[in-house]
Amino acid sequence: GQSLEQPSEVTAVEGAIVQINCTYQTSGFYGLSWYQQHDGGAPTFLSYNALDGLEETGRFSSFLSRSDSYGYLLLQELQMKDSASYFCASHASGGSYIPTFGRGTSLIVHP
Amino acid sequence: NAGVTQTPKFQVLKTGQSMTLQCAQDMNHEYMSWYRQDPGMGLRLIHYSVGAGITDQGEVPNGYNVSRSTTEDFPLRLLSAAPSQTSVYFCASSESRDRTYEQYFGPGTRLTVT
C-alpha cells in the first residue's frame, strides 16, 4: 500500500522562504512528485525526484531522502500567486507508475 | 494540442441516475487515469489504464466503470449515482517514456448528486 503525510496548512509572508514536508510509506517506492493546484483549477506538475538530493527549478526546489522516506518542496522569494495547494505524490514500481497523492498542503501567502 | 479535455464541466444528477464523464487526450499518451477530489482528501485514484484495452482498479473503484477502446479516450461511467459520489473528477494522462512520469490533468468535472 501507499500513504503520504503532509501538513494541512502553511502560512508565510511575501518574499519569505517556506518548506512543505512530505513523509511517505510506499511499497516498491520509485520516486516522489510535487504538484501545485490553484483554487478551481487542475493540478500542474512541479518536480520529480527519483534520487536522493535537491532538484532546483527556478524559485522552487524539491528534496528527497529515500532512507528517511521523506521529501520536501522549498519555495523561495514567495509571491502572492504562490498561494495554492501543494501535493506530494509517490510512484511505485509495478508497471504503471501512476502516482498516489497526499492530502495536500494549503499555502497562504500574506503581503 | 488541446492536451486533456473533459466534458461536461458541471453536472447535477439525481440519486440512481447513470452518466458518463468523457475524457480525451491528443498527446498519444499510453497511460490515463481518473481521480476524484474531495475537500481535505487530496486526489484519490478511481481507475487507470496503461494502454488501449487494458484497465485496472485504483483506490476507490466502487460504483464506477471504465473502458479504453482507443488511445485517445477514457470515459468514466457512474452506474447508479449516489450522493457520496458528489466530487470533482479529474482525468490525467502520462507517457512511459517521460522519466518524470508527469501527469497532465484535464480541467475537471464538478459533479453534484442530489
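Just so it is clear, the structure is predicted and the values come from calculations on it, not from any experiment.

Chemist: Please explain the state of the cysteines as it appears in this structure.
Modeler: Throughout this description, disulfide means a covalent bond between two cysteine sulfur atoms. Going through the model one piece at a time under the given rule, you end up with 2 disulfides over all chains. Between the sulfur atoms of Cys 22 of chain A and its disulfide partner Cys 88 of chain A the distance amounts to 2.1 Å. The chirality of the disulfide connecting Cys 22 of chain A with Cys 88 of chain A is right-handed, given an S-S dihedral of about 75°. Here Cys 88 of chain A lies in strand β9 (residues 84–92) and Cys 22 of chain A lies in strand β3 (residues 18–26), a separation of 66 residues in the sequence. One disulfide in the model links Cys 23 of chain B with Cys 91 of chain B; its S-S distance is 1.9 Å. Here the S-S torsion is close to -70°, and the disulfide linking Cys 23 of chain B with Cys 91 of chain B is therefore left-handed.

Chemist: Whenever I open this one, the pattern of salt bridges confuses me. Can you help?
Modeler: Pairing between side chains of opposite charge can happen when the charged atoms of each approach one another. Residue and element names in this part refer to chain B. Using the criterion set out here, one finds 4 salt bridges over all chains in the structure. Between Asp 38 and Arg 36 there is a salt bridge whose closest N-O contact spans 3.0 Å. For the pair Asp 38 and Arg 36, a shared accessibility class is recorded, and that class is buried. Residue Arg 97 is joined to Glu 95 by a salt bridge in which the shortest nitrogen-to-oxygen separation is 3.0 Å. One connected set of salt bridges, linked through shared partners, spans Arg 36, Asp 38 and Arg 44.

Chemist: How should the pairing of strand β6 (residues 54–57) of chain B be read in this particular structure?
Modeler: Working note: regular strand, side chains alternate between the two faces of the sheet. Where strand β5 (residues 42–51) of chain B and β6 of chain B come together, 4 bridges link them in antiparallel fashion. Directly across from Tyr 48 of chain B, in β6 of chain B, lies its bridge partner Asp 56 of chain B.

Chemist: What is the right way to read the sheet that holds strand β3 (residues 19–25) of chain B from this model?
Modeler: Backbone-to-backbone hydrogen bonds pair the strands of a sheet. The strands run either parallel or antiparallel. Residues and elements named next belong to chain B. With respect to topology, 4 strands assemble into an open sheet ordered β1-β3-β8-β7, the strand pairing being antiparallel. Since the sheet does not close on itself, it has two edges, and those belong to β1 (4–7) and β7 (64–66), each with one partner. Between one strand and the next, the sheet's axes are offset by a mean angle of 20°, whatever the strand orientation. Direction of pairing for β3 relative to strand β8 (residues 76–78): antiparallel, over a ladder of 3 bridges. Bridging from a neighbouring strand, Met 19 pairs with Leu 78 of β8.

Chemist: Would you take a moment to explain unusual backbone geometry for this structure?
Modeler: Outside of glycine, negative phi angles account for most residues, and trans bonds account for most peptide bonds. Residues and elements named next belong to chain B. A cis amide bond links Thr 7 with the next residue in sequence, Pro 8, at an omega value of -5°. Here Pro 8 is to be found in the loop between β1 and β2 (10–13). The phi dihedral of Asn 28 is positive, around 60°, even though this residue is not glycine. Topologically, Asn 28 is positioned in the loop between β3 and β4 (31–38). In this structure, Tyr 101 takes a positive phi of about 55° despite not being glycine. Take Tyr 101: it is sitting in the loop between β9 (87–94) and β10 (104–105). On the accessibility criterion, Tyr 101 (2% relative accessible area) is buried.

The rules we used
Residues numbered from 1 in each chain as written. Chains lettered and ligands numbered in written order. Predicted model: local features only at pLDDT ≥ 70, side-chain atom pairs only at ≥ 80, totals over all residues. Heavy atoms only, no water. Disulfide = S-S within 2.5 Å. Helix = DSSP H or I, 4+ residues; strand = E, 2+ residues; numbered from the N terminus. Salt bridge = Lys/Arg side-chain N within 4 Å of Asp/Glu carboxyl O. Buried < 20%, exposed > 50% of the residue type's maximum accessible area, 1.4 Å probe, protein only. Pairing = 2+ DSSP bridges. Axes fitted to C-alpha atoms, helices over the stretch in contact; angles between N-to-C directions.

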